[in-house]
Amino acid sequence: MNIESYLLDEVILKQHADELLAVYDALEDEESKNVYAEVICSRISGIYPPKDIFCGNQYFAVDKFRAGTENEVFVDCGAYVGDSIEKYIWERSGVVGKIIAFEPDTSNYKALEKRTRRLREEWNLKEEQLVIHSCGIGDQEILGVFDNYQNNNGFGSKFIKSDEKSEEGLMCKVSTLDRMIDEKYTFLKADIESYEYRMLLGAKEGIRKWKPLLAVCIYHNAVDLYSIPLLIKELDNGYKMAVRHHSDKLSETVLYCWI
């Protein structure tokens, strides 16, 4: 057909215009609506979003997410090398109840272990206040296969298949938050390379029961821009929602939800 290229995001987002508009209407503030619209237009056109929608302080950009308590339990899905954990501790000035973190990539997990030891010592945290798991988080308990990205010094990784052995990928346990956590958690952050929707499915019991703050990345897949907000509303329609964009590119769009 002599078509050199066609943006898949444009196809997906235009086919799901009704869902996008439903999310837009459900957003809590005008800033969120503007950011959401600009991100969608950028994804459809394939250009970077305008610089004026950039927002700093990722995962803590909305007021409700900046005030913590001594009993707050922070769950970090996709802990990477512990950067978000350290940022969280600084954000709370070291006054933390408990941190539970999950990272499936073995290379990242080694770095996470090292950083965790340092943070416990520097902030005088007890062993049980900062708990890490070498585990992926999804919607079922499986043995997953993930692959490292070649860019970003090989630190990034994502699941490529499940329940199959692979000579190229690395094997890792995948579980659900409902299985892994049997205590109340109050703040859930997720940046897990398009596994966020599955993570939410595997955490629906805890979310409905404890109604934690949710800071969930929605940029990895065009489908996530509407499917994740609508799923959260389905889990508990009482959630209020805001969107912030934390990059000058098409990445780091975060959905913030609170009761």
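Here the residue numbers are simple positions, counted from 1 along each chain's written sequence. Only residues with pLDDT of 70 or above have their local features reported here, since the model is predicted, and side-chain atom pairs are shown and tallied only from 80 upward, although totals for entire chains, interfaces and linings are computed over all residues. To get the side-chain values, all heavy atoms of the structure are used, and hydrogens and water are removed first.

Quick word on the overall build of the protein chain
The secondary structure listing takes helices from DSSP runs of H or I that are at least 4 residues long and strands from runs of E that are at least 2 residues long, numbered from the N terminus. Assigned secondary structure in the protein chain consists of nine helices and eleven strands. All radius of gyration figures rest on C-alpha atoms, and the globule criterion is 2.2 Å times the number of residues raised to 0.38. Taking 259 residues into account, the globule formula puts the C-alpha radius of gyration at 18 Å, and the protein chain, at 18 Å, falls close to it. Taken along its principal axes, the extent of the C-alpha atoms in the protein chain is 60 × 45 × 35 Å. Here the protein chain, with 259 residues, has 50% of them falling under the buried criterion. Accessible surface is estimated by sampling points in the Shrake-Rupley manner with a 1.4 Å probe; for residues, cover comes only from the protein chains shown. When the accessible surface of the protein chain is summed, it comes to about 13100 Å², and 47% of that surface belongs to carbon and sulfur atoms. Exposed residues in this analysis have more than 50% of their type's maximum accessible area, buried residues have under 20%, and partly exposed residues fall in between, with area computed by a 1.4 Å probe over protein chains only.

With respect to the confidence of the model for the protein chain
pLDDT is defined as a per-residue confidence score from the predictor, taking values between 0 and 100. This prediction gives the protein chain a mean pLDDT of 91; 90% of its residues lie at or above 70. What makes two residues a contact is simply this: any of their non-hydrogen atoms within 4.5 Å. Overall, residues 162–166 carries pLDDT values under 50, and its contacts beyond four positions in sequence, including any with other chains, amount to eleven contacts.

A look at the side chain of Asp76
Along the polypeptide, Asp76 turns up in strand E1 (residues 73–77). What makes Asp76 buried here is its relative accessible area of 0%. By the criterion applied in these results, polar contacts are pairs of N or O atoms within 3.5 Å in which, for protein atoms, one can donate a hydrogen and the other can accept it, and in which residues neighboring in sequence qualify only through two side-chain atoms. In terms of polar contacts, Asp76 uses its side chain to reach the side chain of Lys189, at 2.7 Å. Setting aside its immediate chain neighbours within four residues, Asp76 contacts Ser84, Ile85, Ile100, Ala101, Phe102 and Lys189.

Some details on helix H3 (residues 30–45)
One full turn of an α-helix is made of 3.6 residues, so residues set three or four places apart face in the same direction. Here H3 is 16 residues long and its end C-alpha atoms lie 22 Å apart, about the 22 Å a rise of 1.5 Å per residue gives. For H3, the set of buried residues is Ser32, Lys33, Val35, Tyr36, Val39, Ile40, Ser42 and Arg43. Count one or two residues on from H3 and you reach Gly46, which has phi positive near 80°. For a helix, the expected span equals 1.5 Å multiplied by the residue count minus one.

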